[in-house]
Amino acid sequence: MLEVFSVFWALVPVTLAQSLILSFVVLGVMIPFRILSFPNLTSEGAYPLGGAVCAVALLAGVPAFLSIALAFTAGFLAGTLTAFIHLRFHIHTLLAGILVTTMLYSVNLRILGKPNIPLFREIKVFDYLAFPFLSINAGKILLAGLLGLLFVLTLRFWFNTERGIVMRAVGDNSDMAEAQGNNVNRSIFLGIGVAGGCSAFSGSLMVQSQSFVDVNMGLGILINALAALMIGEAITGRERLLKQLAAPFIGSIIYYQLISFCLAAGLAPSDLKIATGIFVIAMLAGPTLIQKRPVRMAHEKIRE
Amino acid sequence: MLHILGAQKTFFSGKPDEKVALDGLNLTLDKGEFVVVIGSNGAGKSTLLNAISGSLMLDSGSIHIGGHDVTRVSVHQRARYVARVFQDPMKGTAAGMTVAENMLLAELRQSKARLRVGLTTKRRDWYREQLSYLKLGLEDRLDTRVSLLSGGQRQSLSLVMAVMDEPNILLLDEHTAALDPRTAALVLDATIRAVDIFKLTTLMVSHNMQHAVDYGTRILMLESGKVKFDIAGDDKVSVTISGLTDHFSVKTDRMLLGAEYA
């Protein structure tokens, strides 16, 4: 037992860096789902898309920051495509996301040209933080953490501006938002686009962190993100905007430590999906087991 | 202020359950008129309101509001002319957002949403003042989520949101029907006051004959998508409930109840 903890403890910093990088996917799942009431699966395709775009850009000699921006843009476009398929053809949001993700797999393969590429020689964003007093991993934690803080503060400001309040109203009561003179579709395009951008952003950081890009890197990322979001929301609550925005980051940090613990405890990596599934079910089912009186559930939309 | 010419709307056109909701309806409203719209279920009252607000497009005919042709204009672009209070208190407000945020959304009807801080101190003071007229204590609950308010409070908020920017046309779609009698009276009172103060051109759908007799400057009765009768001026002043109900060709239970209940 002690050995399990010592293995787990040794992995904490590496896992922390990973979880901070992946928390942007959780953010990309949270925004459509919680703020726009537009359950969206595009992240599963946008994450590797961001990785692929960033990797190819780096290989072509594009500076790291610009490569990340390109990845974000590609993710933004993927998100707007999902929104378009839903709004124009009235295809269910979940199906629209699955369609885009499926198509993106082929697109990602086209972008990369082969299933995986190593990125050892290219200068990556984390290399800018290669100071003697800072370990590589600490640099990753610092950069991803600061970027996360920047995202949260920017989004918090945005959602308190006139346009941001309109966007929240679109998710809350789209008929009302429309009756008050707001272009509902524009808010959805922008919101879903930014969410796709966040997922791609995460992918672009991940390929630079692991110096490696793989077309299959997005497999199962969505359900991981959902599990992280559920855990985060169970901790922070959702009453205030800041709590809702912080939930993806807190959830991601805790979720990936839990996964790391499972690995340290000897769970085979191939069994992790079962563990993740159980986490999600537990987080969704938990309140029904704890609360004796039937009350309105926070997660009723996916639980139904 | 409002001109509707030859409004035609057919649902399920060409199918066995075809339904003509508006059948060449003409209607002209002058500024400041307060029209109570009555009629049996299926007479076309809701379709008329939906057509004016833009949530339904006419098959043919035209709608002008304040000189603008809005026949093909979408709901959100029409919102600067038309404000609407729905029957369902849930429909007119965003439940997960605060009272102040809802007021802001209503205020933005007249202007474009910009990238600047929404709830400024100046705005909050103005909202507090607007809400204080209701005398429901809502002015002290600016940061309360609307989902925590009662149905009557929500409907009163919807009303304030609808009238605060003095819309060209105010549409009231049985907006007190879902409330208990006391609250309904309160909301209706606030409505009458607001319409009076701002001299709003108003269309109020009601099943309550007493309301039609007591309020407004004009009564419009619809039947099968047409105006069955239209009384204003002295005729409106001298109208009685029994005089009105005689005009209903089909007396549904609901209308009878409405008449007695009042």
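The structure displayed is predicted, hence computed values, not measured ones.

Undergrad: I'm lost on the interface of chain A and chain B in this one. Help?
TA: Interface size is commonly expressed as the accessible area that is lost once the parts come together. Across the boundary between the two partners, chain A contributes 22 residues, which contact 29 residues of chain B. Taken over both partners, the interface formed by chain A and chain B buries close to 2,200 Å², and the fraction arising from carbon and sulfur atoms is 57%. A salt bridge links Glu162 of chain A to Arg123 of chain B, with the shortest nitrogen-to-oxygen separation between them at 3.0 Å. Taken together, chain A and chain B are joined by 15 residue pairs in polar contact (both at pLDDT 80 or more). When contributions to the side of chain A that touches chain B are tallied by element, the ones reaching two or more residues are α5 (136-158), α6 (162-172) and α7 (174-179) of chain A.

Undergrad: Any chance you could explain the sheet that holds strand β7 (residues 169-173) of chain B here in plain terms?
TA: Sheet strands pair via backbone hydrogen bonds, and the direction of the pair is either parallel or antiparallel. Residues and elements named next belong to chain B. An order of β6-β7-β8-β3-β9-β10 is seen for the 6 strands of this open sheet, with the pairing classed as mixed. The open sheet has two edge strands, β6 (82-85) and β10 (226-232), and neither has a second partner. Averaged over neighbouring strand pairs, the angle between their axes works out to 20° when direction is ignored. Two elements, strand β3 (residues 34-38) and strand β8 (residues 201-205), share 4 bridges in a ladder whose sense is parallel. Residue pairing for β8: Val37 is matched across the bridge by Val205. Contacts from helix α5 (residues 151-163) reach β6 and β7, with the element oriented near 170° to β6.

Undergrad: Would you mind showing me how to read the pattern of salt bridges here?
TA: This model, assessed by the stated rule, comprises 15 salt bridges over all chains. A salt bridge links Glu233 of chain A to Arg34 of chain A, with the nearest nitrogen and oxygen atoms 2.8 Å apart. Here Arg34 of chain A lies in helix α1 (residues 2-35) and Glu233 of chain A lies in helix α9 (residues 221-236), a separation of 199 residues in the sequence. Both residues of the pair, Glu233 of chain A and Arg34 of chain A, count as buried. Between Asp125 of chain B and Arg128 of chain B there is a salt bridge, with its nearest N and O atoms 3.1 Å apart. Of this pair, Asp125 of chain B and Arg128 of chain B both sit in helix α4 (residues 121-132), separated by 3 residues, roughly a single helical turn. Here Asp125 of chain B falls in the partly exposed class, since its relative accessible area comes to 42%. Looking at Arg128 of chain B, the relative accessible area reads 33%, which means it is partly exposed.

Basis of the calculations
Residues numbered from 1 in each chain as written. Chains lettered and ligands numbered in written order. Predicted model: local features only at pLDDT ≥ 70, side-chain atom pairs only at ≥ 80, totals over all residues. Heavy atoms only, no water. Contact = heavy atoms within 4.5 Å. Buried area = accessible area lost by both parts, 1.4 Å probe. Salt bridge = Lys/Arg side-chain N within 4 Å of Asp/Glu carboxyl O. Polar contact = N/O pair within 3.5 Å; in protein donor to acceptor, adjacent residues only side chain to side chain. Helix = DSSP H or I, 4+ residues; strand = E, 2+ residues; numbered from the N terminus. Pairing = 2+ DSSP bridges. Axes fitted to C-alpha atoms, helices over the stretch in contact; angles between N-to-C directions. Buried < 20%, exposed > 50% of the residue type's maximum accessible area, 1.4 Å probe, protein only.

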